[in-house]
Amino acid sequence: MENKTKPNGSATLNVGGKSVDLPVLSGAVGPDVIDVKSLYAQTGMFTLDPGFTSTASCESQITYIDGDEGVLLYRGYPIDQLADESNFLEVCYLLIHGELPSKAQLDDYTHTITHHTMLHTQLDRFFEGYRRDAHPMAIMVGTVGALSAFYHDSTDIHDPMQRMIATHRLIAKMPTIAARAHKYSVGQPFISPRNDLSYSENFLRMCFAVPAEEYEVNPVLARAMDKIFILHADHEQNASTSTVRLAGSSGANPFACIAAGIACLWGPSHGGANEAALNMLREIGSVDKIPEYVRRAKDKDDPFRLMGFGHRVYKNYDPRAKVMQKTCHEVLDVLDKREEPLLKVAMELERIALEDEYFVSKKLYPNIDFYSGITLNALGFPTEMYTVLFALARTVGWIAQWDEMTSDPTQRIGRPRQIYTGASERDYLPMDKR
Ligand code: SDX
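Attention in this report is confined to the structure presented alongside it. (Residues numbered from 1 in each chain as written. Predicted model: local features only at pLDDT ≥ 70, side-chain atom pairs only at ≥ 80, totals over all residues. Heavy atoms only, no water.)

So, the overall build of the protein
Moving on, step 1. A count of helices and strands for the protein gives 18 helices and six strands.
Moving on, step 2. Taking 2.2 N^0.38 as the reference for a compact globule, 434 residues should give roughly 22 Å; the C-alpha atoms of the protein span a radius of gyration of 23 Å, in line with that estimate.
Moving on, step 3. The principal-axis extents of the C-alpha atoms in the protein amount to approximately 75 × 65 × 55 Å.
Moving on, step 4. Residue burial in the protein is summarised as follows: out of 434 residues, 47% are buried.
Moving on, step 5. Taking the intrachain contacts of the protein between residues at least 6 apart in sequence as the baseline, contacts between residues at least 24 apart amount to 69%.
Moving on, step 6. Computed over 44 positive and 56 negative side-chain charges, the separation of the two mean positions in the protein equals 5 Å. (Helix = DSSP H or I, 4+ residues; strand = E, 2+ residues; numbered from the N terminus. Rg over C-alpha atoms; globule rule 2.2 N^0.38 Å. Buried < 20%, exposed > 50% of the residue type's maximum accessible area, 1.4 Å probe, protein only. Contact = heavy atoms within 4.5 Å. Lys, Arg positive; Asp, Glu negative; His and termini not counted. Charge placed at Lys NZ, Arg CZ, Asp CG, Glu CD.)

Some remarks on the site of the ligand
Moving on, step 1. Near the ligand lie 24 residues; those nearest to it are His235, Leu306, His311, Arg312 and Arg320.
Moving on, step 2. In this structure, an oxygen atom belonging to the ligand sits 3.0 Å away from a side-chain N or O atom of His270.
Moving on, step 3. Separating an oxygen atom of the ligand from a side-chain N or O atom of Arg320 is a distance of 2.7 Å.
Moving on, step 4. Bound to the protein, the ligand loses 77% of the 1100 Å² it would expose on its own.
Moving on, step 5. Across the shell around the ligand, the residue classes tally to nine nonpolar, eight polar and seven charged. (Near = heavy atom within 4 Å. Polar contact = N/O pair within 3.5 Å; in protein donor to acceptor, adjacent residues only side chain to side chain. Areas by Shrake-Rupley, 256 points an atom, 1.4 Å probe, with all protein chains shown as cover. Nonpolar A, V, L, I, M, F, W, Y, C, P; charged D, E, K, R; others polar.)

Observations concerning the layout of surface pockets
Moving on, step 1. Approximately 280 Å³ is the volume found for the second largest pocket.
Moving on, step 2. Lining the second largest pocket are 19 residues, with Leu197, Ser198, Tyr199, Ser200 and Asp226 sitting closest to its centre.
Moving on, step 3. Taken together, the elements giving at least two residues each to the lining of the second largest pocket come down to helix H3 (88–97), helix H4 (103–114), helix H8 (199–208) and helix H9 (219–231).
Moving on, step 4. Across the lining of the second largest pocket, the residue classes tally to seven nonpolar, eight polar and four charged. (1 Å grid on protein atoms, 1.4 Å probe; cavity = no way out; pocket = protein on both sides within 12 Å on 5 of 7 lines; lining within 4 Å. Points joined across faces, edges and corners; volume = space filled by probe spheres on them.)

Some details on the pattern of salt bridges
Moving on, step 1. Counted according to the given criterion, the structure contains 21 salt bridges.
Moving on, step 2. Residues Glu330 and Lys227 are paired through a salt bridge, measuring 3.6 Å at the closest nitrogen-oxygen approach. A residue pair is termed long-range when its members are at least 10 positions apart, and Glu330 in helix H14 (residues 319–334) and Lys227 in helix H9 qualify at 103 residues.
Moving on, step 3. Glu330 gets classed as partly exposed once you look at its relative accessible area, which sits at 31%.
Moving on, step 4. Arg338 is the salt-bridge partner of Asp336, the closest N and O atoms lying 2.8 Å from each other.
Moving on, step 5. Given a relative accessible area of 59%, Asp336 falls into the exposed group.
Moving on, step 6. One salt-bridge network, in which partners are shared between bridges, spans Asp84, Lys227, Lys326 and Glu330. (Salt bridge = Lys/Arg side-chain N within 4 Å of Asp/Glu carboxyl O.)

Notes on empty space enclosed by the protein
Moving on, step 1. Counted under the stated rule, the structure contains one cavity of 30 Å³ or more.
Moving on, step 2. When its volume is computed, the largest cavity comes out at roughly 30 Å³.
Moving on, step 3. For the largest cavity, the full set of lining residues is Ile228, His232, Asn274, Leu376, Tyr386, Leu389 and Phe390.
Moving on, step 4. Of the residues forming the lining of the largest cavity, the biggest block, three residues, is contributed by helix H18 (residues 386–406).
Moving on, step 5. Across the lining of the largest cavity, the residue classes break down as five nonpolar, two polar and no charged.

Quick notes on the packing of aromatic side chains
Moving on, step 1. With the rule as written, the count across this model stands at 19 aromatic pairs.
Moving on, step 2. Consider the rings of Phe203 and Phe381, whose centres lie 5.9 Å apart with planes at 15°: the pair is stacked. One end of the pair, Phe203, is in helix H8; the other, Phe381, is in the loop between helix H17 (368–379) and H18, with 178 residues separating them in the sequence. Of the two residues, Phe203 and Phe381, neither departs from the other in class, the shared state being buried.
Moving on, step 3. Ring pairs connect the aromatic residues Phe88, Tyr199, Phe203, Phe208, Phe229 and Phe381, which therefore count as one cluster.
Moving on, step 4. Lying across the ring of Tyr184, Arg132 places its NZ or CZ 4.0 Å from the centre. (Phe/Tyr/Trp six-rings, centres within 6.5 Å; stacked < 30°, edge-to-face > 60°. Lys NZ or Arg CZ within 6 Å of the ring centre and 35° of its normal.)

Brief notes about the sheet that holds strand S5 (residues 71–74)
Moving on, step 1. Strand order in the open sheet made by the three strands is S4-S5-S6, with antiparallel pairing throughout. The sheet is open, and its two borders are formed by strand S4 (63–66) and strand S6 (77–78), each paired with just one other strand.
Moving on, step 2. In this structure, S5 lies alongside S6, joined through two bridges in antiparallel fashion. The residue of S6 that forms the bridge with Tyr74 is Tyr77. (Pairing = 2+ DSSP bridges.)

Examining the packing of helix H10 (residues 239–249) against H18
Moving on, step 1. Closest axis-to-axis distance for the H10/H18 pair is 9 Å, and the angle between their directions is 40°. For the element pair H10 / H18, the angle class is oblique. With respect to the hand of their crossing, H10 and H18 are arranged in right-handed fashion. Together, Ser240, Thr241, Val244, Arg245, Gly248 and Ser249 of H10 and Arg394, Trp398, Gln401, Trp402, Glu404 and Met405 of H18 make up the contact between the two elements.
Moving on, step 2. In terms of residue class, the contact of H10 with H18 is built from four nonpolar, five polar and three charged. (Axes fitted to C-alpha atoms, helices over the stretch in contact; angles between N-to-C directions. Parallel < 35°, antiparallel > 145°, perpendicular 65-115°, else oblique. Left-handed = near helix turned anticlockwise from the far one by under 90°.)

Overview of the pairing of strand S1 (residues 6–15)
Regular strands show a simple pattern: their side chains alternate between the two faces of the sheet.
Moving on, step 1. Note: S1 against strand S2 (residues 18–26), eight bridges, orientation antiparallel. Pairing of Leu13 across the sheet is with Val20, part of S2.
Moving on, step 2. Where S1 folds back on S2, the antiparallel hairpin that results is connected by two residues, among which Gly16 adopts a positive phi of roughly 55°.

Notes on the environment of Val186
Moving on, step 1. Relative to the helices and strands, Val186 is located in helix H7 (residues 160–186).
Moving on, step 2. Judged by relative accessible area, which is 41%, Val186 ranks as partly exposed.
Moving on, step 3. Considered as a pair, Val186 and Arg132 are 54 residues apart in the sequence and their alpha carbons are 7.6 Å apart.

Written out as structure tokens, the structure reads:
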């Protein structure tokens, strides 16, 4: 990736009796950065920012978020336009290659991905090692990591062709692995991919078809699934993407890096929030219980938080949540579930929270996870599968960011420092002296 930052003056730091000038850099859009690479060499000091609230870890040209305005762009294109006008494989091409494909390019890309959807038959036996009640995210971490043991011919990260083959394999095989994780948990036979179906149609069929009867994909539901994948595809340097980049910075192979990203995404503060948000709506159960839960969410002594609310970057409505809410209504309408009690609880909870001073003052808005659970529940997915679907969709973002970093000739291993507050040096004490 060519460095495209532009010098924009400098910042002067007076510390330890020294005056240090640090370069300020501008990007295409968004906040400028102070380049602190030379800070330790010049001052013997580190910066400290444990949650990276004020720290940019890299330069990237893939995704841009304006948290105050509630803007999300994939390679410059607004997320709502892509959700309404594009399809997931076209968005994959855009995120990986940087431009929307021509018809010929998209047809070729679709053919390539479609013809990489099958899994090695030995991998199917791999599933037999899991307990039937294993969380499907545990199965995803293990099985995606195990792809390193199958595809030795696409693990040389310095070979652009091998990087591209690994990218194709990951995007193509995640739906097959995810569907197998679901089928394994419900004790039904695995359903093989079909090359005459679109990416999302194929995924729904592999999840819900049974050999005992024909399965017709509902085009409205397939379109909704495709939109949900688009909404989850990338999101700049979130926790799991940063995990993938850090793992990749050591030269680890792409399958191992994506497995690390899946593991990080699982947490309830991150991708696990969609599962947690639906469980929360079920626990609330009815509109009259909402005030009690809103009170608990505001109580510092109560660990309860409104899952699906708040975001490190968005201090406005998450633009994905708006599209997700619209998709949620479309799915409930076509399934004749518009009276879904969970939707009523969610909409009333959103109304109350958006009027409540606590949430308004802290700029806590619904995020993408708030409505996704209701939609996925209506589509027929068990709650434990929600984060699996998030991981399936986010794989293209992870691998695009990994490829951007790996192809950057200036890239170095990520190795943060610390501020140490532990014991000073001391001599070992024999047992009789302790
Ligand atoms: C995703 O990074 C990404 O881009 C992630 C993601 C992606 O696409 O990759 O967008 C996907 O992970 C979305 C977020 C999903 N998580 C949740 O919905 C879980 C609930 N949300 C919170 O845990 C929280 O809002 C986070 C984790 C999302 C953000 O945490 P921050 O930025 O560290 O904010 P914080 O915890 O410091 O909260 C700021 C204040 C605190 O109060 P004070 O200490 O200032 O008094 O807001 C409060 C928090 O107590 N707060 C909440 C709250 N979220 C924050 N209070 C009640 N309910 C909540 N949901």
